[in-house]
Amino acid sequence: MATIGLIGGMSWESTAVYYRLLNEGVRRRQGGLHSADILLHSVDFSPIAEMQATGDWASAGAAMANSARRLESGGASCIVLATNTMHKLADQITQATNLPFLHLADVTAKAIRKTQSRRPLLLATRFTMEQRFYRDRLAAFGVEALVPDETERGEVHRIIYEELCRGRIEPGSKARYREIVDRVVREEGADGVILGCTEITLLLSQSDFAQPVFDTTALHVDAALDFAADLSEQVAA
């Protein structure tokens, strides 16, 4: 399997899930003592979060490009960005290296298209819910992502940054997320739920909802393993 270059640390709580799932996936596929071939660059999230909050996306893009170049120089065969929000800067990453890049929104959209869902609710950071970079990418596949109302978006965002990114799993926050989903399903006809922030998988799962749940972290990991395997076969051929 080709070496996966993983840009992580945003937050490290979800990056740890990526690392575990990638290794579990290889063990499931190959058996024995096999594990994933990964190069990980985990950034310090605090300055990145400040760039997000102040709208300094140019500096954030430069940081992501630098991370990609470090992975390329270290011998990575592809780039996987372990965060939904920073896919806003996908172009800066792809322009920084010659490595193939696996876009998380494309992976998510393809998974949704395999189901009957076409109007799922997107739970994510404010940036991902309110800006168009992610929803437009889904729309290109025929998926109309709904978002909560303004007050609910603020609550979803706060729980991500003040709790989940800090390793806090609060039952009350889980209940609030479920209330938000129930309202949008009931009032706006949402027919699925996108866990569109990699930390949300720490709080919610398919067992919490009757509607199909699209766990972007798990979907990205499975696609990354396929991606790396395909690259390895291309090199061998």
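Quick note: structure is the one above.
Residues numbered from 1 in each chain as written. Predicted model: local features only at pLDDT ≥ 70, side-chain atom pairs only at ≥ 80, totals over all residues. Heavy atoms only, no water.

### Quick notes on the packing of helix 5 (residues 104-113) against helix 7 (residues 132-139)
Between helix 5 and helix 7, the shortest axis-to-axis distance is 9 Å and the interhelical angle comes to 40°. The angle between helix 5 and helix 7 places the two elements in the oblique class. Pair helix 5 / helix 7 crosses with right-handed handedness. Across the interface between the two elements, L104, A105, D106, T108 and A109 from helix 5 touch Y134, R137 and L138 from helix 7. (Axes fitted to C-alpha atoms, helices over the stretch in contact; angles between N-to-C directions. Helix = DSSP H or I, 4+ residues; strand = E, 2+ residues; numbered from the N terminus. Parallel < 35°, antiparallel > 145°, perpendicular 65-115°, else oblique. Left-handed = near helix turned anticlockwise from the far one by under 90°. Contact = heavy atoms within 4.5 Å.)

### Observations concerning the environment of G167
Locating G167 in the fold gives a position in the loop between helix 8 (150-162) and helix 9 (171-188). We classify G167 as partly exposed; its relative accessible area is 40%. (Buried < 20%, exposed > 50% of the residue type's maximum accessible area, 1.4 Å probe, protein only.)

### Here's the deal with helix 5
At 3.6 residues per turn, the α-helix brings residues three or four places apart onto the same side. With 8 of 10 residues buried, helix 5 lies mostly within the body of the structure. Among the residues making up helix 5, those that are buried are L104, A105, D106, V107, T108, A109, A111 and I112.

### Brief notes about the pattern of salt bridges
Applying the stated criterion to the full structure yields 19 salt bridges. Note that E130 and R126 form a salt bridge whose closest N and O atoms lie 2.2 Å from each other. Here E130 pairs with R126, and both are found in helix 6 (residues 126-130), just 4 residues apart, close to one helical turn. On the basis of relative accessible area, E130 is assigned to the partly exposed category, the value being 36%. Notably, a salt bridge pairs R176 with E179, separated by 3.0 Å at the nearest N-O pair. You can see R176 and its partner E179 sitting in helix 9, 3 residues apart, about one turn around the helix. Residue classification places R176 among the partly exposed positions, given a relative accessible area of 24%. Look at E179 and you get partly exposed, because its relative accessible area is 45%. (Salt bridge = Lys/Arg side-chain N within 4 Å of Asp/Glu carboxyl O.)

### So, the nonpolar core
If you look at the biggest cluster of nonpolar residues, it comprises 79 residues, and the most contacted ones within it are M64 and L123. For this core, the element with the highest residue contribution is helix 10 (residues 216-236), accounting for 7 residues. (Core = buried A, V, L, I, M, F, W, Y, C linked by side-chain atoms within 4.5 Å.)

### A look at the packing of aromatic side chains
Following the criterion strictly, the structure yields 3 aromatic pairs and no others. Taken together, a centroid distance of 6.1 Å and an interplanar angle of 25° make the contact between F45 and Y161 stacked. Separated by 116 residues along the polypeptide, F45 in helix 2 (residues 45-54) and Y161 in helix 8 bring together distant segments of the chain. What makes Y161 buried here is its relative accessible area of 17%. For the ring pair W57 and F127, a centre distance of 5.5 Å and an interplane angle of 80° mean the geometry is edge-to-face. Note that W57 is positioned in helix 3 (residues 57-74) and F127 in helix 6, a separation of 70 residues in sequence. Given a relative accessible area of 13%, F127 falls into the buried group. (Phe/Tyr/Trp six-rings, centres within 6.5 Å; stacked < 30°, edge-to-face > 60°.)

### Topic: the packing of helix 2 against helix 3
Look at helix 2 against helix 3: their axes get within 8 Å of each other, and the N-to-C directions meet at 145°. Along this stretch, helix 2 crosses helix 3, giving a crossing that reads as left-handed. On helix 3, the residues touching I48, M51 and Q52 of helix 2 are W57, S59, A60, A63 and M64. Among the residues forming the contact of helix 2 with helix 3, the class breakdown is 6 nonpolar, 2 polar and no charged. (Nonpolar A, V, L, I, M, F, W, Y, C, P; charged D, E, K, R; others polar.)

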